[in-house]
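# Fold and contact review
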Amino acid sequence: MGSISRYSALVLVCFLIVACSQQNHKEVVPATSAQQTAADGTPAYGDVLMLSSTADATNLIPMLSSDAASHEIAGYLFNGLVKYDKDYRIVGDLARSWDIEKDGRLLRFHLRDDVFWHDGQKFTARDVMFTYRLIIDPKTPTAYADKYKLVKKARIIDDYTIEFTYDRALVPALISWGALQMLPEHLLKGKDIGNTPFAWSPVGTGPFTFVSWERGAKITLKRNERYFDHKPYLLGIVYRIIPDQNTEFMELKAGTIDMMGLTPLQYLRQTGTQDFAQNYAKYKFLSDGYTFLGFNLTKKPFDDKRVRQAFAYAVDKEEIIKGVLQGLGEVATGPYKPGTQWYDANVAKYPHSPEKALALLKEAGFADTNNDGRLEKNGSPFVFTIITNQGNPLREKTAQIIQQRLNQLGITVKIRIIEWTVFLKEYVDKGNFDAVLLGWNILQDPDLFNVWHSSQAVKGGLNFVGYKDAEVDDLLVRGRETFDEAKRRQCYFRFQEILADQQPYVFLYVPYALPAVSARIKGIVPAPAGITYNIEKWYVPEPLQKHSALQ
């Protein structure tokens, strides 16, 4: 996607700025005087922020969606009990404060009493209890229930106090109540959450309210005049669906959208003019996300570790970074960001080696028995299909390079590009693929139970490749229950060693995020949490305002 996602989900691109240290690889291109993004004078009310994405949302009920577009929109509409501030400290959101007792096994939240749903109803502890019960309900088709199922007892104390007791302490318990965005009991009680118009016309508590959704075209939001944490300066947000990144770039330069994530080619070769520098602020920093080639481990021959390791040797990651990303990326070796405390730099590496790849494939039973240049096993040629999503040329080019390298070994690779919604629902969620080229964002907490634990290897789950390993299961459980940071790091380092050996994914690269924002947008203050964390405080000075009403 070309948009900047606020919340964690299955991602195409995630633009989060990280802390000002060398280990976090931060680089922000200096702005000209016309592009000052902080201390721009007195904020003004009015105007509409025009955003864009190459993919439409799928469902605006946060607990039901797994794509970045849906979570981004939901992030403007809903709130959790807590959230990260700009420096990744946990602060209150719908909760004013909280108590942690019984050695971390009890969480008590003291809720704000000045929050209203967008339809005017008061938000209370009943809504929190309703949301909690909804996500743990077996009938709710969600991939995010595991942490909440660990709650042993939930109790409403009064209208604005609620507590949750766990059997065992859970390290990410507190922030998990920020990831769970609250839903209104008075609108959803007794409804089939998997089949409700609410998914396409939601009511939340967030800084913006839902107006309309034109499928495949745009989603329109307007300012929440009663937002508890200062009503937004912007009149609203129009989120346009533009499937092609080149078209998206043309729209940016024409001024019809205000922000997009540039491709490396656009960043390096098409935005260096004085005119662009005067009209847009450009940023560059290592993103909190990685791209991978994932295998369907329930299908032959990808159930064989030797085949997966062979692919890791066959794929030239440096070639992809140079050819696809124009050098604007780093090699990925696992699911954590290079240079961070959870990243293990010492895991097994797979430097490009066709010779080692062929040797492993021979061990797995593949050979060119009829001298036609193609590998086969038991008389069947090695042919498979890589699927990826429409609207992401970087993914398409990556798939093509992988195709070329595997073809040199005698493997026939087909590439199929699929529209995003169909891609998720009909292929990824149903495990209907041989190999998939996708990306995950990288969260601040290292808990990856949802993606890698064997219990999550179900249809519609985030472990859609079907990965199962008993030691990894144990490490993921211990990691989320271990408060000692050194011991916790040992769990996740061992976890990375196993992934590096078994290669359920070929981890490809961590790209640089390259967002560009119109210079007329003020109030942007880059911080460790990114640039969109304070979007309700963005504004356009009156002389620069273009839109007097929502379009």
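Residues numbered from 1 in each chain as written. Predicted model: local features only at pLDDT ≥ 70, side-chain atom pairs only at ≥ 80, totals over all residues. Heavy atoms only, no water.

### Quick notes on the pattern of salt bridges
- The full count for this structure, using the stated rule, is 35 salt bridges.
- Measuring nitrogen to oxygen at the nearest pair gives 3.8 Å for the salt bridge that ties lysine 152 to aspartate 167. In this pair, lysine 152 is assigned in strand 8 (residues 151-158) and aspartate 167 in the loop between strand 9 (161-166) and helix 3 (173-179), connecting sequence segments 15 residues apart.
- Classification of aspartate 167 by relative accessible area gives exposed; the value is 51%.
- Arginine 155 is the salt-bridge partner of glutamate 163, the closest N and O atoms lying 3.0 Å from each other.
- Its relative accessible area of 37% is what places arginine 155 among the partly exposed residues.
- What emerges from the salt-bridge pattern is a single network uniting Asp99, Glu101, Arg108, Arg155 and Glu163. (Salt bridge = Lys/Arg side-chain N within 4 Å of Asp/Glu carboxyl O. Helix = DSSP H or I, 4+ residues; strand = E, 2+ residues; numbered from the N terminus. Buried < 20%, exposed > 50% of the residue type's maximum accessible area, 1.4 Å probe, protein only.)

### What about unusual backbone geometry?
- Look at the link from lysine 300 to proline 301: it is a cis peptide, with omega at 0°.
- The topology assignment puts proline 301 in the loop between strand 16 (289-295) and helix 8 (305-314).
- Look at aspartate 103: it is not a glycine, yet its phi comes out positive at around 55°.
- Examined against the element boundaries, aspartate 103 turns out to sit in the loop between strand 6 (95-101) and strand 7 (106-111).
- Given the relative accessible area of 74%, aspartate 103 is considered exposed.

### Details of the sheet that holds strand 14 (residues 280-282)
- Read from one edge of the open sheet, three strands run 13-24-14, paired in antiparallel fashion. Each edge of the sheet is formed by a strand with only one pairing partner; in this case those strands are strand 13 (259-261) and strand 14. Taking each pair of neighbouring strands and ignoring which way they run, the sheet shows an average axis angle of 15°.
- As paired elements, strand 13 and strand 24 (residues 515-518) share three bridges and run antiparallel to each other. Its bridge partner lying in strand 24, methionine 259 is registered against valine 517.
- Across the sheet, helix 5 (residues 245-254) lies against strand 13, strand 14 and strand 24, angled at about 145° from strand 13, the strand it touches most. (Pairing = 2+ DSSP bridges. Axes fitted to C-alpha atoms, helices over the stretch in contact; angles between N-to-C directions. Contact = heavy atoms within 4.5 Å.)

### Describing the pairing of strand 23 (residues 505-513)
- Across the nine residues that make up strand 23, a large majority, nine, are buried.
- Inspection of the sheet shows strand 16 paired to strand 23 by four bridges, in the antiparallel sense. The residue of strand 23 that forms the bridge with leucine 293 is valine 506.
- Relative to strand 23, strand 17 (residues 329-331) is paired through three bridges, and the arrangement is antiparallel. In the strand pairing of strand 23, valine 331 is matched with tyrosine 509.

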